[in-house]
Amino acid sequence: MEFETTTATSRSGLAADPQGPSKLVITWNAAILLQVLPAETNAQGTIRLRTTYETSTAHVTSDTFDPVAAATEEQYKKLQGKVVEFTLDANGKVILVAGLEDIVEGEKAAQAAREWIAQLDAGSGAPPGGVTVGQTWSSEKPASSLPVAGLVWRTESEYLRNEICHPPNPEASPAASSTDSAQDAQSAETCAVILTRLNLLRPKSVRNSTPEDYRKKGIQTAGKWDGSAQSLSYISLRTGLAVSVTQTGTEKMDVTLTTGKDTSMHYAGTVLSRSQVALVSSEIGEK
């Protein structure tokens with residue numbers, strides 16, 4: 001897995017930090033072991049997956065001096081050996097996540113991570129019984145972790161074609177420098193190519209833009225939050241496993257948070273993200 005996020009933000013009010021970095025780039029690389037476990041529930045068709053971070057490294061850069069860069073890199077390094085378990089329903093939708101508490105701090109961060117994980121399912125909301133080439137489907141999930149109420153993530157997917165499976169970037173993949181025969185065996189498989197577009201939308205107007213969790217804490221929020229992403233997934237027709245997924249996305253925010261004492265914080269910026277995930281066969285992983 002390779003993830004890169006570029007964040008350009010500004011803050012004013014209580015949290016103003018004129019010396020802080022206005023642009024921060026984090027590049028994270030990880031190898032994850034995926035295991036299928038017996039389902040804990042009696043619901044038919046559920047699947048339980050265990051993911052273990054076998055390696056995890058990150059590189060952080062900023063356009064100004066950033067005293068926490070080393071600490072951020074160390075935080076990603078500590079992911080090595082951590083375990084997260086997912087439970088999927090019969091349609092492949094993520095319905096339960098365990099272990100995030102050891103990786104992210106705070107329930108709000110954990111909830112945001114759960115929402116992000118749920119969006120990774122390219123088949124989410126797909127018609128029952130499978131799909132055919134040319135078919136499209138869509139689904140919506142509330143964006144409840146954001147400080148602006150009434151927003152939903154809308155996913156629109158299309159089954160483009162069948163094509164020989166291949167990783168998103170063979171030169172950067174661990175498989176590239178390993179056994180050629182194992183890589184050839186993988187590339188000989190046929191994959192379904194799924195294009196997915198993700199957009200942050202407001203399906204209907206709301207009187208108050210402050211989410212309930214913020215209101216309970218005496219905080220009012222106002223502003224806007226926009227987001228979009230696009231991913232291309234290669235799904236093996238033989239195994240049903242994702243062979244590779246590439247995704248790019250953008251989020252733009254301009255939000256003001258105000259407390260009951262009329263103190264406020266203004267937060268604005270842009271977050272660009274890029275990710276590549278490639279399946280490495282067990283034969284290659286054992287080398």
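Residues numbered from 1 in each chain as written. Predicted model: local features only at pLDDT ≥ 70, side-chain atom pairs only at ≥ 80, totals over all residues. Heavy atoms only, no water.

Re the overall build of the protein chain
Step number 1: Of regular secondary structure, the protein chain possesses five helices and 11 strands.
Step number 2: Across the 287 residues that make up the protein chain, the buried fraction comes to 35%.
Step number 3: For the protein chain, long-range pairs separated by at least 24 residues make up 64% of all intrachain contacts whose partners lie at least 6 apart in sequence.
Step number 4: Here the protein chain displays about 16500 Å² of accessible surface, and carbon together with sulfur accounts for 53% of that area. (Helix = DSSP H or I, 4+ residues; strand = E, 2+ residues; numbered from the N terminus. Buried < 20%, exposed > 50% of the residue type's maximum accessible area, 1.4 Å probe, protein only. Contact = heavy atoms within 4.5 Å. Areas by Shrake-Rupley, 256 points an atom, 1.4 Å probe, with all protein chains shown as cover.)

Let's talk about the pairing of strand 7 (residues 152–164)
Step number 1: Examined bridge by bridge, strand 6 (residues 136–142) and strand 7 share seven bridges and lie antiparallel to one another. Considered in strand 7, the bridge of proline 142 is made with valine 152.
Step number 2: Sheet topology note: the strand 7/strand 8 (residues 190–201) ladder contains 12 bridges and is antiparallel. Opposite arginine 154, over in strand 8, you have asparagine 199 as the bridge partner. (Pairing = 2+ DSSP bridges.)

Looking at the nonpolar core
Step number 1: In terms of nonpolar packing, the biggest core is built from 15 residues, with Ala143, Leu146, Leu151, Leu200 and Trp225 touching the most fellow members.
Step number 2: Other than its neighbours up to four places away in sequence, tryptophan 225 contacts Leu146, Pro147, Val148, Leu151, Leu200, Glu251, Lys252, Met253, Val255 and Tyr267.
Step number 3: Among the nonpolar cores identified, the runner-up in size contains 14 residues, and Leu49, Tyr53, Ala58 and Val97 belong to it. (Core = buried A, V, L, I, M, F, W, Y, C linked by side-chain atoms within 4.5 Å.)

Examining the packing of aromatic side chains
Step number 1: Under the counting rule described, the total for this entry stands at three aromatic pairs.
Step number 2: Seen from their ring centres, tryptophan 28 and tyrosine 76 are 5.5 Å apart, and the 45° between their planes marks the pair as tilted. Of this pair, tryptophan 28 sits in strand 2 (residues 23–37) while tyrosine 76 sits in helix 1 (residues 69–77), placing them 48 residues apart in sequence.
Step number 3: For tryptophan 28, a relative accessible area of 12% translates into the label buried.
Step number 4: By relative accessible area, tyrosine 76 is classed as partly exposed at 22%.
Step number 5: Chaining the aromatic ring pairs together yields one cluster made of Phe3, Trp28, Tyr53 and Tyr76. (Phe/Tyr/Trp six-rings, centres within 6.5 Å; stacked < 30°, edge-to-face > 60°.)

Brief notes about the side chain of arginine 48
Step number 1: Mapped onto the elements of the fold, arginine 48 is located in strand 3 (residues 47–62).
Step number 2: At a separation of 2.9 Å, a polar atom in the side chain of arginine 48 contacts the side chain of glutamate 85.
Step number 3: When near neighbours in sequence (up to four residues on either side) are disregarded, arginine 48 contacts Gln35, Val36, Leu37, Pro38, Ala39, Glu40, Glu85, Phe86 and Thr87. (Polar contact = N/O pair within 3.5 Å; in protein donor to acceptor, adjacent residues only side chain to side chain.)

A closer look at the pattern of salt bridges
Two side chains that carry opposite charge are able to pair once their charged atoms sit near each other.
Step number 1: Evaluated as defined, the whole model comprises nine salt bridges.
Step number 2: A salt bridge links arginine 215 to glutamate 212; the shortest N-O distance between them is 2.6 Å. Highlighted residues: arginine 215 and glutamate 212, both in helix 4 (residues 212–216), separated by three residues, approximately one helical turn.
Step number 3: The exposure class assigned to arginine 215 is partly exposed, which follows from its relative accessible area of 34%. (Salt bridge = Lys/Arg side-chain N within 4 Å of Asp/Glu carboxyl O.)

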